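Chains, contacts and geometry: an overview
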Amino acid sequence: MDNVIKEFTDKVSSSVYKHTFVKLILSKRVLENQDMNKIIVKYVELKGEPNLSFVYKYDRNDITKNFSVEEGVKQLQAMIGNNFLDNVLYTTKEDVELKYNNKHIGKIYYSKKPTFSEAADGSHDETKKRLLDVKKSVYFKSLGVTDQKGEIIPSMNAKYKQVERFVEIIDSLSANFVNQKPVRIADVGCGKGYLTFATYDYLLNTKELDIDMVGVETQENLVKFCTNIAQKAQYNGLKFIQSNINEYKPEALDVLIALHACDTATDDAIYLGIQSGAKVIIVSPCCHKQIRSQLKITENNALSPILKYGILEERQAEIITDGLRALILNANGYKTKVFEYVEYENSPKNIIITAEKTTEPSQEEKQKILAQIEAIKNKFGIKYHYLEKLIENPADQSFRILNAQCEKK
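Summarised in this report is the structure supplied together with it. (Residues numbered from 1 in each chain as written. Predicted model: local features only at pLDDT ≥ 70, side-chain atom pairs only at ≥ 80, totals over all residues. Heavy atoms only, no water.)

For any pair of aromatic rings, geometry is given as the distance between the ring centres together with the angle between the planes. This structure, assessed with the given rule, holds 9 aromatic pairs. For the pair Tyr200 and Tyr235, a centre-to-centre distance of 4.9 Å together with 50 degrees between the ring planes defines the contact as tilted. With a gap of 35 residues between them, Tyr200 in helix H5 (residues 194-206) and Tyr235 in the loop between helix H6 (220-232) and strand E10 (238-242) connect regions that are remote in the sequence. When sorted by exposure, Tyr200 lands in the same class as Tyr235, which is buried. Positioned above the aromatic ring of Tyr90, the side-chain terminus of Lys23 is 5.8 Å from the ring centre. Its end group placed over the ring of Tyr194, Lys159 keeps NZ or CZ at 4.5 Å from the ring centre. (Phe/Tyr/Trp six-rings, centres within 6.5 Å; stacked < 30°, edge-to-face > 60°. Helix = DSSP H or I, 4+ residues; strand = E, 2+ residues; numbered from the N terminus. Buried < 20%, exposed > 50% of the residue type's maximum accessible area, 1.4 Å probe, protein only. Lys NZ or Arg CZ within 6 Å of the ring centre and 35° of its normal.)

This is the structure in structure tokens:
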């Protein structure tokens, strides 16, 4: 057996017995004609004994099989490297990734900070411990997530999973602002406030923090709707206001949230977070028109033959747009992560960018990052990224007009 496989699977079994295991995902199949797309491994307790539950993901169906920890490890050892090239173990202590290159040489990578803070509880029924008290929640009832008995309505399960996953992310980042009194949070483009209410509830009632939170929304009817729910729930530190993102001017922020802000509204939100000195910025981008309208295939670009296909060009635009956003945040003193927010079946808009404020990079480090940004732009014939224009010269609004013209084309 490959040494890296043994090291990796030892980590799996160890995390189960130490109660730090969250989940394991095997992906990036070796053969394109391989029927199985992915395996998700979860922890379950059966008759009081620890087990690993394998969910085999096929194009048309899923198959679930449960194994003892020892047998589950044997299954993993047979699959890793032979069937799947990218294998990620999530624990409450660290993320561990065993990745194979095109020469089938495996290497293990350890993260310094775990994605998840809550271990899998192993319940094999509906009594699973939840981060939020759904039964007593006024806002979940008002938003139609739960019924009058406080039970999650089946058709709203995916929405609840999105909300709870977001709360997990907030919890994992909370060390950046727990000592702030009050913690000043803005959720811009908050819509009906699913995440706004849940974030406020969790940080106030579970983390016991002093929270001053604002939900910012352009639609007056949604602002009134959310305000009524906040009053009904007696959330005195939560208010909703009507405003565009680029017109909202807080004095200072600790946390900036913007999920599914369309196209350059995500950049307006990131810029707002930077300018307000936010310790944490969390965005989930939606639409990527600004870069796609500029995307050009230069003569030396090896991707030319495949980017003629619209769907691939669209995905490339998404990768470039969000990749540049992460680099621009790096250049402005933020440590960034880009990852899947929820399972694709729960929401196709499942990429999230988190940024934590650190020390400002040295001039040398900043110039290196800026050079990387320029190299990427030159490679794809990109004249500018909307976010970098905001940061370079916020008083100059001409590029907003240029961007509006691009969107009409």
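Side chains that differ in charge, positive against negative, can pair when their charged atoms come close. Taken as a whole, this structure holds 14 salt bridges when the rule is applied. A salt bridge links Lys377 to Glu374; the shortest N-O distance between them is 2.8 Å. Of this pair, Lys377 and Glu374 both sit in helix H11 (residues 363-379), 3 residues apart, roughly one helical turn. Classification of Lys377 by relative accessible area gives buried; the value is 5%. Among the charged side chains, a network of salt bridges with common partners joins Arg184, Asp254 and Lys279. (Salt bridge = Lys/Arg side-chain N within 4 Å of Asp/Glu carboxyl O.)

Packing of helix H1 (residues 3-17) against helix H2 (residues 69-79) brings their axes to within 10 Å, and their N-to-C directions diverge by 155 degrees. Between H1 and H2, the angle falls in the class roughly antiparallel. Pair H1 / H2 crosses with right-handed handedness. Here Ile5, Thr9, Val12, Ser13, Val16 and Tyr17 of H1 lie close against H2, whose contacting residues are Val69, Glu70, Val73, Leu76 and Gln77. Here the contact of H1 with H2 is composed, by residue class, of 7 nonpolar, 3 polar and 1 charged. (Axes fitted to C-alpha atoms, helices over the stretch in contact; angles between N-to-C directions. Parallel < 35°, antiparallel > 145°, perpendicular 65-115°, else oblique. Left-handed = near helix turned anticlockwise from the far one by under 90°. Contact = heavy atoms within 4.5 Å. Nonpolar A, V, L, I, M, F, W, Y, C, P; charged D, E, K, R; others polar.)

Our focus in this paragraph is the sheet that holds strand E11 (residues 255-262). The 7 strands are arranged E10-E9-E8-E11-E12-E14-E13 in an open sheet whose pairing can be described as mixed. With one partner strand each, in any of the chains shown, E10 and strand E13 (334-340) form the two edges of the open sheet. The sheet shows a mean angle of 15 degrees between the axes of neighbouring strands, taken without regard to direction. In this structure, strand E9 (residues 211-217) lies alongside E10, joined through 5 bridges in parallel fashion. Paired with Gly215 across the bridge in E10 is Phe240. Of the strands in this sheet, E9 and E10 touch H6, which is tilted by about 170 degrees from E10. (Pairing = 2+ DSSP bridges.)

What follows concerns the packing of helix H4 (residues 157-173) against H5. H5 packs onto H4 with a crossing angle of 45 degrees between their chain directions and a minimal axis gap of 10 Å. Accordingly, the angle class assigned to the pair H4 and H5 is oblique. Considering the relative orientation of H4 and H5, their crossing is right-handed. Between H4, through Lys159, Gln162, Val163, Phe166, Val167, Ile170 and Asp171, and H5, the contact on the second element is made entirely by Tyr194, Leu195, Ala198, Thr199, Tyr202 and Leu203. Here the residues of the contact of H4 with H5 sort into 9 nonpolar, 2 polar and 2 charged.

In this section: the side chain of Asp95. With respect to the element layout, Asp95 can be found in strand E6 (residues 95-100). Buried within the structure, Asp95 lacks any salt-bridge partner; its nearest side chain of opposite charge belongs to Lys337, at an N-O separation of 4.4 Å. If we ignore the near neighbours within four places in the chain, the residues touching Asp95 are Leu89, Tyr90, Tyr109, Tyr110, Ser111, Lys113, Pro114, Thr115 and Lys337. (Lys, Arg positive; Asp, Glu negative; His and termini not counted.)

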